[in-house]
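# Structural overview
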Amino acid sequence: MKHWSLFATATALIALLAGGCSTLDERQREWIFQPSDRSWGNSEAMTQGMEDVWIDFSSSVTGEPARLHGLWLGGAPESVDTPVLLYLHGARYNVAGSAPRMRRMHELGFSVLAIDYRGFGKSSAGLPSEETAREDARAAWTWLAARHPQQRRYIFGHSLGGAIGIDLAAHVNDESGTIVESTFTSIADVASSFKWGWLPFGPFITQRFEAITKVKDIGAPLLVVHGTADSLINPTLGRKLYEAARVPKMFVLVEGGSHHNTNSVGAAQYRAALSQLFRMKPPGTEVAELRTHGL
């Protein structure tokens, strides 16, 4: 809450002092992304056994070569029946900070590719923006599709990554589904939910992340997950995002889930939702069924 409250206050004050200058945009990008090469707690240790991935492309946004670093947690053995997941993390921590969630999604049956946006971890340096993060997500999706063309591919986004993921889903047509956790409708709505939300800073927001408008354009099933104890992103924003979608969808509210632990607290609800919405079977189910039928 502290970081987003400071963002709301800083945005309003800087807007009054600087109008629409580039400094205002840079400050917003700094506060929203908080880019770093740090990982969450001891999550770095949980990357053991994951493979490093490097994705190189030419950025149409900056006009310069770009390189993304990612982590791959694949199945063994992997088949066309193994779904793959592009994991898009939120603010502040690098891709290693997402290792615990990556492993939980792997336990649910996915092979997982998680990436760092430019400005995070080992990816190309620079201050990220909404535009470059969207481009990074599309480059990672292209990489994933080229290497796993026969498999069902899903998009997962946590917090800020959920807004980036929804934008990606709105611009591609080969995803099997999208999952967002602890995600919001727009930056303006998040800022308005805080203590200083009454200040008229909306028109000065340059990094808008309007997921509420993009979600109407996605073409595959959507799973929205939120925790009742999320003090950073109000669960009502997750509900509004869900209500705006026009595809087969499900909203899962995890009792006691915070902004950071909903993925673990709600593991059973995740599994049930994946089975119901995406018709995914828990890992090992196929083998158990064959044994049941004596095959």
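### With respect to the overall build of the protein
Secondary structure summary: the protein contains 11 helices and eight strands in total. Residue burial in the protein is summarised as follows: out of 295 residues, 55% are buried.

### With respect to the packing of helix α4 (residues 130-147) against helix α5 (residues 160-171)
At a minimum axis separation of 9 Å, α4 and α5 run at an interaxial angle of 60 degrees. Put simply, α4 runs oblique to α5. Where α4 crosses over α5, the handedness of that crossing is right-handed. Mapping the contact onto sequence places A133, R134, A137, R138 and W141 in α4 and I164, D167, L168 and H171 in α5. Partitioning the contact of α4 with α5 into residue classes produces five nonpolar, one polar and three charged.

### Observations concerning the environment of Q151
Tracing the backbone shows Q151 in the loop between α4 and β5 (153-158). Placed 71 residues apart in sequence, Q151 and V80 show a C-alpha to C-alpha distance of 5.0 Å. Apart from residues no more than four positions distant in its own chain, Q151 is found in contact with E78, S79, V80, T82 and V84. Engagement of the side chain of Q151 in a polar contact is seen with the backbone oxygen of T82, the distance being 2.6 Å.

### As for the pairing of β5
Within β5, six of the six residues are buried, leaving the element largely enclosed by the surrounding structure. Taking every second residue as pointing to the same face, both faces of β5 are buried, with R153, I155 and G157 on one and Y154, F156 and H158 on the other. As paired strands, strand β3 (residues 84-88) and β5 are joined by five bridges and run parallel to one another. Looking at the pairing, L88 lines up with G157 of β5. As defined by bridge partners, β5 adjoins strand β6 (residues 177-181) across five bridges and the pair is classed as parallel. Considered in β6, the bridge of H158 is made with E181.

### A look at the confidence of the model for the protein
With 83% of its residues at a pLDDT of 70 or more, the protein has an overall mean of 86. Considering only residues more than four positions removed or in separate chains, one finds that residues 1-6, a stretch of pLDDT under 50, has 14 contacts. This stretch, residues 285-295, has a pLDDT under 50; its non-local contacts, to residues over four places away or in other chains, come to three contacts.

### Structural notes on unusual backbone geometry
In this model, Q34 sits at a positive phi of 45 degrees, which is unusual for a non-glycine residue. A positive phi angle, near 45 degrees, is found at F209, a position not held by glycine. Position of F209 among the secondary structure elements: in the loop between α6 (187-192) and α7 (211-214). The buried category is assigned to F209, whose relative accessible area is 3%.

### What to know about the packing of aromatic side chains
Under the counting rule described, the total for this entry stands at six aromatic pairs. Seen from their ring centres, Y242 and F251 are 5.7 Å apart, and the 45 degrees between their planes marks the pair as tilted. In this pair, the class of Y242 matches that of F251, namely buried. Grouping aromatic residues by their ring pairs yields a cluster made of F110, Y154 and F278. When the ring centre of Y242 is taken as origin, the NZ or CZ atom of K249, which lies over that ring, is 4.8 Å away.

### Considerations on the sheet that holds strand β8 (residues 249-254)
Across the sheet, which stays open at both edges, the eight strands sit in the order β1-β2-β4-β3-β5-β6-β7-β8 with mixed pairing between neighbours. Each having just a single partner strand, β1 (51-58) and β8 make up the two edges of the open sheet. Between one strand and the next, the sheet's axes are offset by a mean angle of 20 degrees, whatever the strand orientation. For β3 and strand β4 (residues 111-115), the ladder comprises five bridges, and the chain directions are parallel. Paired with V84 across the bridge in β4 is S111. Helix α3 (residues 99-107) rests against β2 (65-73), β3, β4, β5 and β6 of the sheet, and its axis sits at about 160 degrees to β4.

### With respect to the nonpolar core
If you look at the biggest cluster of nonpolar residues, it comprises 52 residues, and the most contacted ones within it are I55, L86, L113, F184 and F209. Among the nonpolar cores identified, the runner-up in size contains 27 residues, and M50, Y154, L223 and Y270 belong to it.

### Brief notes about the environment of G238
Of note, G238 is situated in helix α8 (residues 235-244). Each C-alpha atom of the pair G238 and S182 lies 6.8 Å from the other, and the pair is 56 residues apart in sequence. If near-sequence neighbours (up to four positions away) are discounted, G238 is found in contact with T183, V224, H226 and F251.

Parameters at a glance
- Residues numbered from 1 in each chain as written.
- Predicted model: local features only at pLDDT ≥ 70, side-chain atom pairs only at ≥ 80, totals over all residues.
- Heavy atoms only, no water.
- Helix = DSSP H or I, 4+ residues; strand = E, 2+ residues; numbered from the N terminus.
- Buried < 20%, exposed > 50% of the residue type's maximum accessible area, 1.4 Å probe, protein only.
- Axes fitted to C-alpha atoms, helices over the stretch in contact; angles between N-to-C directions.
- Parallel < 35°, antiparallel > 145°, perpendicular 65-115°, else oblique.
- Left-handed = near helix turned anticlockwise from the far one by under 90°.
- Contact = heavy atoms within 4.5 Å.
- Nonpolar A, V, L, I, M, F, W, Y, C, P; charged D, E, K, R; others polar.
- Polar contact = N/O pair within 3.5 Å; in protein donor to acceptor, adjacent residues only side chain to side chain.
- Pairing = 2+ DSSP bridges.
- pLDDT = per-residue confidence, 0-100.
- Phe/Tyr/Trp six-rings, centres within 6.5 Å; stacked < 30°, edge-to-face > 60°.
- Lys NZ or Arg CZ within 6 Å of the ring centre and 35° of its normal.
- Core = buried A, V, L, I, M, F, W, Y, C linked by side-chain atoms within 4.5 Å.

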